[in-house]
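# Examination of the molecular architecture
Okay, here's what each chain looks like letter by letter:
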Amino acid sequence: MISFGMSEEQEIVRDTLREFAADALRPAGRECDETSAIPDELLQSAWELGLTTTQIPEEYGGGGEERSLVTNSIVLEELAYGDAALALALVGPSQFANAILDHGSDEQKQKYLPLFCGENFHMASLAQLEPGPVGEPMRPRTMAEPKGEGWVVSGAKSFVVMGDRASHFLVFARNQDGVDAFIVARDAEGLTISEPELNMGLKGLATVGLELERVEVAAADRLGGEAGCNVACLINNSRVALGSVLLGLSRAVLDYCVPYSKDRVAFDEPISKKQSIAFRLAEMHIECEAMRNLVWQAASHLEKGLDATAQARFVRTYVNEKALWIADNGIQVLGGHGFIREHPVEMWFRHARTLSVLEGTAGI
Amino acid sequence: MIDFTLTETDQAIVDYNRAAALICRKYARYYDENEEEMAPEVLPEAEAFYAETPLPPKGGAEDTSPPVMMALHAMISHWGDYTIRLKRSGGGLGNAALSAAGTPEQQKKWGNLVLSMAITEPGCGSDPSRVSTSAVLDPETDEWVINGEKIFVTTGIRAEAVVIWATLDKSAGRAGIKSFLVEKGTPGFDVPHKEKKLGIRADDTAAYVFSDCRIPRSNLLGGDESISKKTSGGFRGVMKTFNMTRPMTAAMGLGLAEAALDFTREQLAEAGVEIDYMAGLISQSAAAEKFIRLEAIYDASRLTTLQACWLAGEGKPNNMESSVCKAHAGGAVRAITQGCIEILGAMGISREHLLEKWTRDCRITDIYEGTGEIQRLIIARGLLDYTRADLK
């Protein structure tokens, strides 16, 4: 039954996160970007909200709440409205935890999920993107060769979100049958973790590169165990997550531009009274609504276990394009002030530009 | 609960409508090329279709709400053809205006007629407050005397009566504008011609001329009460009807865009072009990449239209959302159909196929029921908390 109505619970979650994002994230965003660091206290305060733990079943120590990708998409939109880099950091652990939850073998769930149910922020990362031009999610250059019962993984990864503090990595690699994801511990032999990378946007979010030189992975540490898993689902999930972040960011730009344009006077009237500005704002609003519907559709299909490969791709294609347009035009509405680091719009533009090239680095 | 799937009943209704729409498509080209002929009220295949195809069950509380189903129905029927129907049913824009602004007696009297709606004039389109067709009360006969010219009247030929906008006092601007019902055959009411158009040629868009056309005093919509109202009941009434008609026009255009996408997908498949939703820029063909982008635009527009309808079904205000979906769809259908032509090349502009027709047909989506620019004005006013006077 087609419906666009949030549940009462989703409305409560949205309002709570909206408040948290306004109080804790928006004020912190600029400094995190300038210093390329996120304070531990901020991660810890978000951890206490239970962003990752709540939907892990009680048997593994979690909150046992029903897992809902739509709710998580709403959460991510609201967090990113505060700040996109912080949003990705706060839900960082979920990318790994949810991959285990959705696709892990029983043994993997027993072993890894309790890591995310403790009192302190715990990070583990997906390692999907690779150095070099143009990512092809289903054609990683990192290879996994069978060796005995297990695997040997070799290759390089980049933009591993918060890999500086991750206990484990879920490494996407190609084997003779297709693509699989392998759980690699931080101290695995043959694994080198780089210093944090230098990026254009999301600077507060530390990302690292990985070098894997014949890293041995036990059979039990292939995601899904014996059966492996359909890693396309992880990519779809990540596309929806990144789309949710870009959506929140886009709304932030619009909501910043509206009061600014009403205050800013040129030729004796607020610039908001010029159609060239007013129509641009209208366009931003139209696209925010359209983006949200695409994100919700893909999230809802995934939540129901339907094949949402096309819908998730629509999110990636459409939301990337429109969010970039909005961020870019946010700068234009502010004119020179859009270029000055006193206002957040230039930072949001860099965030959007960075987010739009990511793939498989987030999860809801 | 947020959900984008159809129930079994929804699906049965959709399948039924699609089967009917496919029959209509066979006539699409003929009535485009022969616009002087009126499209049939009932197709020859209708009787057999109704006899052989079991009616789908009616939707209940567990199924998708009626306004959303209405939009889906509009999408599917226009996916078949913009104009042709197995059996054309009455009801035009004028019927919506009558429901919104007519008294109960008026609704009872004219509700069963096909009513067109005539607002636009040679000198006024997007700004209907400039309407110059006049209505003057003759106290001796208790009749309104109507004078003026109307153009672009949808279903103008088939309509049995028309709801027109006329002004009682031009100097009063929008407050002077009232709605009147004029029946076909009233002396002084002429239908000089069917308009010649870029697309939707089978649709009977007409021009109307009123010269000293006399109608009973009781043909003023809303009755005498509406005269004394300082703000125009007629104006507000019609603007209110646009809250459902904007999503419906969006849906109609999207049906054409969907037809264009389906045709292009088939042709790409035949040419051996694979569409892979996982592939990146290196392994995907430019044609497939472009096609996916058009599909994404379509889906964004479709959902946004359904959202505006869903709100109406929930009894929630949808003024912004109606304009959002109309503005979005207006641009989307242009991008999609023209993008499909680009992908298919010469095949796209050949009159042997329907893609060029869908491209011409859907071009009206961004114009009628408020141009894309008017929708953006409405949306911007909403965002900025501006009145009509603040932002022109």
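Residues numbered from 1 in each chain as written. Chains lettered and ligands numbered in written order. Predicted model: local features only at pLDDT ≥ 70, side-chain atom pairs only at ≥ 80, totals over all residues. Heavy atoms only, no water.

Within chain B, the regular secondary structure consists of 13 helices and seven strands. Taking 21 Å as the expected radius of gyration for a compact globule of 392 residues, we find that chain B reaches 22 Å, a close match to that expectation. Every one of the 392 residues in chain B was classed for burial, and the buried ones make up 56%. Residue pairs in contact within chain B that sit at least 24 positions apart in sequence constitute 73% of those at least 6 positions apart. Accessible area of chain B: about 16800 Å², with a carbon and sulfur share of 54%. Positive and negative side-chain charges of chain B, numbering 43 and 54 respectively, have mean locations separated by a distance of 6 Å. (Helix = DSSP H or I, 4+ residues; strand = E, 2+ residues; numbered from the N terminus. Rg over C-alpha atoms; globule rule 2.2 N^0.38 Å. Buried < 20%, exposed > 50% of the residue type's maximum accessible area, 1.4 Å probe, protein only. Contact = heavy atoms within 4.5 Å. Areas by Shrake-Rupley, 256 points an atom, 1.4 Å probe, with all protein chains shown as cover. Lys, Arg positive; Asp, Glu negative; His and termini not counted. Charge placed at Lys NZ, Arg CZ, Asp CG, Glu CD.)

Residue and element names in this part refer to chain A. Assigned domains of chain A: these are domain 1 (8-121), domain 2 (125-227) and domain 3 (231-355). Each of domain 2 and domain 3 has a C-alpha centre, and the two are 30 Å apart. With 14 residues of domain 2 at the contact, the number on the domain 3 side is 11 residues. Both faces combined, the contact of domain 2 with domain 3 buries some 1000 Å², and carbon together with sulfur accounts for 82% of it. Counting every contact that joins domain 2 to domain 3 gives zero salt bridges. There are three residue pairs in polar contact (both at pLDDT 80 or more) connecting domain 2 and domain 3. With three residues, strand 5 (residues 178-185) is the single largest residue contributor to the side of domain 2 that touches domain 3. Residues of the side of domain 2 that touches domain 3, tallied by class, amount to 10 nonpolar, two polar and two charged. (Domains from an automatic or database assignment. Buried area = accessible area lost by both parts, 1.4 Å probe. Salt bridge = Lys/Arg side-chain N within 4 Å of Asp/Glu carboxyl O. Polar contact = N/O pair within 3.5 Å; in protein donor to acceptor, adjacent residues only side chain to side chain. Nonpolar A, V, L, I, M, F, W, Y, C, P; charged D, E, K, R; others polar.)

The next thing to look at is the packing of helix 9 (residues 309-334) of chain A against helix 9 (residues 286-313) of chain B. A pair of packed helices can be characterised by two numbers: the angle between their axes and the separation between those axes. As a packed pair, helix 9 of chain A and helix 9 of chain B sit with axes 9 Å apart at the nearest point and diverge in direction by 85 degrees. Put simply, helix 9 of chain A runs roughly perpendicular to helix 9 of chain B. Touching A:R313, A:F314, A:T317, A:Y318 and A:E321 of helix 9 of chain A are B:E289, B:I292, B:R293, B:E295, B:A296, B:I297, B:D299 and B:A300, all from helix 9 of chain B. When its residues are assigned to classes, the contact of helix 9 of chain A with helix 9 of chain B shows six nonpolar, one polar and six charged. (Axes fitted to C-alpha atoms, helices over the stretch in contact; angles between N-to-C directions. Parallel < 35°, antiparallel > 145°, perpendicular 65-115°, else oblique.)

Next up on the list: the environment of A:Y81. Residues and elements named next belong to chain A. Mapping Y81 onto the fold places it in helix 3 (residues 69-82). With relative accessibility at 18%, the residue Y81 sits in the buried group. Placed 59 residues apart in sequence, Y81 and A22 show a C-alpha to C-alpha distance of 8.2 Å. Among all residues touching Y81, those that are not within four sequence positions of it are R26, G248, R251, A252 and D255. A polar contact is formed between the side chain of Y81 and the side chain of D255, at a distance of 2.6 Å.

Our focus in this paragraph is unusual backbone geometry. For A:F267, which is not a glycine, the phi torsion comes out positive at approximately 50 degrees. The topology assignment puts A:F267 in the loop between strand 8 (265-266) and strand 9 (269-270). For B:E369, which is not a glycine, the phi torsion comes out positive at approximately 55 degrees. Checked against the element boundaries, B:E369 lands in the loop between helix 12 (355-362) and helix 13 (372-384).

Time to look at the interface of chain B and chain A. Contacts between the two partners involve 53 residues from chain B and, on the opposite side, 54 residues from chain A. Together chain B and chain A conceal approximately 4700 Å² of surface at their shared face, both sides included; 65% is due to carbon and sulfur atoms. It is B:I2, B:F4 and B:M278 that lose the most area in chain B upon contact with chain A, and together they represent 18% of the buried surface on that side. Between A:E283 and B:R376 there is a salt bridge, and its shortest N-O distance comes to 2.6 Å. Joining chain B to chain A, the criterion identifies 25 residue pairs in polar contact (both at pLDDT 80 or more). When contributions to the side of chain B that touches chain A are tallied by element, the ones reaching two or more residues are helix 4 (66-80), helix 9, helix 10 (319-344) and helix 13 of chain B. Looking at the side of chain B that touches chain A element by element, the count peaks at 14 residues for helix 9 of chain B. Residue composition of the side of chain B that touches chain A, grouped by class: 29 nonpolar, nine polar and 15 charged.

Right, let's talk about the packing of aromatic side chains for a bit. Inspection of the entire model under this criterion finds 16 aromatic pairs over all chains. Aromatic side chains A:F4 and B:W310 sit 6.2 Å apart centroid to centroid with 55 degrees between the ring planes, which places their arrangement in the tilted category. On the criterion of chain membership, the pair formed by A:F4 in the segment before helix 1 (8-35) and B:W310 in helix 9 is interchain, its members lying in two chains. Summarising the burial analysis for this pair, A:F4 and B:W310 share the class buried. Taking the centre distance of 5.4 Å and the plane angle of 55 degrees together, the rings of B:Y16 and B:F49 count as tilted. Taken as a pair, B:Y16 in helix 1 (residues 8-25) and B:F49 in helix 3 (residues 46-52) lie far apart in primary sequence, 33 residues in all. For B:F49, a relative accessible area of 8% puts it in the buried group. An aromatic cluster is defined as three or more aromatic residues linked by ring pairs; in this entry it consists of A:F4, B:F4 and B:W310. (Phe/Tyr/Trp six-rings, centres within 6.5 Å; stacked < 30°, edge-to-face > 60°.)

To continue, consider the nonpolar core. Membership of the largest hydrophobic core comes to 198 residues, with the highest contact counts inside it found for A:L25, A:L79, A:L170, A:L202, A:L281, A:L355 and B:I336. The element contributing the most residues to this core is helix 7 (residues 231-263) of chain A, with 17 residues. Beyond its immediate chain neighbours, meaning those up to four positions away, A:L202 contacts A:D33, A:A84, A:A85, A:L88, A:F159, A:H351, A:T354, A:L355 and A:L358. By size, the runner-up hydrophobic cluster in this structure holds 19 residues, among which are B:V114, B:I146, B:I164 and B:I215. (Core = buried A, V, L, I, M, F, W, Y, C linked by side-chain atoms within 4.5 Å.)

Okay, the environment of B:E143 next. Residues and elements named next belong to chain B. Secondary-structure assignment places E143 in strand 3 (residues 143-153). Taking C-alpha positions, E143 is 15 Å from K178, a pair spaced 35 residues apart along the chain. Look past the residues within four positions of E143 in its chain and what remains in contact with it is V136, L137, D138, R214, I215 and R217. One polar contact links E143 to T141, side chain to side chain, over a distance of 3.0 Å. Here R214 takes part through its side chain, which lies 3.0 Å from a polar atom of the side chain of E143.

This part covers a nonpolar patch on the surface. A surface patch of nonpolar side chains, amounting to about 300 Å² of accessible area, comprises A:V134, B:L281 and B:I282. Tracing the sequence through the fold places B:I282 in the loop between helix 8 (233-270) and helix 9. (Patch = residues over 30% accessible without salt bridge, like charges linked within 9 Å, V, L, I, M, F, W, Y side chains within 5 Å.)

A few words now on the domain arrangement of chain B. All names here are of chain B. According to the domain assignment, chain B contains domain 1 (8-80), domain 2 (93-230) and domain 3 (236-384). Placing the centre of domain 1 and that of domain 2 at their C-alpha centroids yields a distance of 30 Å. Three residues, D32, E35 and M38, lead the burial of domain 1 against domain 2; their summed loss comes to 72% of the area buried on that side. Applying the counting rule to domain 1 against domain 2 returns one salt bridge. E41 is paired through a salt bridge with R158; the nearest N and O atoms lie 3.0 Å apart. Taken together, the connections running from domain 1 to domain 2 amount to two residue pairs in polar contact (both at pLDDT 80 or more). Its residues placed into classes, the side of domain 1 that touches domain 2 shows two nonpolar, no polar and four charged.

So, about the side chain of B:R29. Residue and element names in this part refer to chain B. Within the secondary structure layout, R29 lies in helix 2 (residues 28-33). A distance of 2.6 Å separates a polar atom in the side chain of R29 from the backbone oxygen of H353. Not counting residues up to four positions away in its chain, the partners in contact with R29 are S350, R351, H353, L354, E356, K357 and R360.

With that settled, consider helix 8 (residues 275-303) of chain A. Residues and elements named next belong to chain A. With 29 residues, helix 8 should cover 42 Å at 1.5 Å per step; its first-to-last C-alpha distance of 41 Å lies within 8% of that length. Most of helix 8 is tucked away, with 25 of its 29 residues classed as buried. With its phi angle positive at about 80 degrees, G305 sits one or two positions after the end of helix 8. (Expected span 1.5 Å × (residues − 1).)

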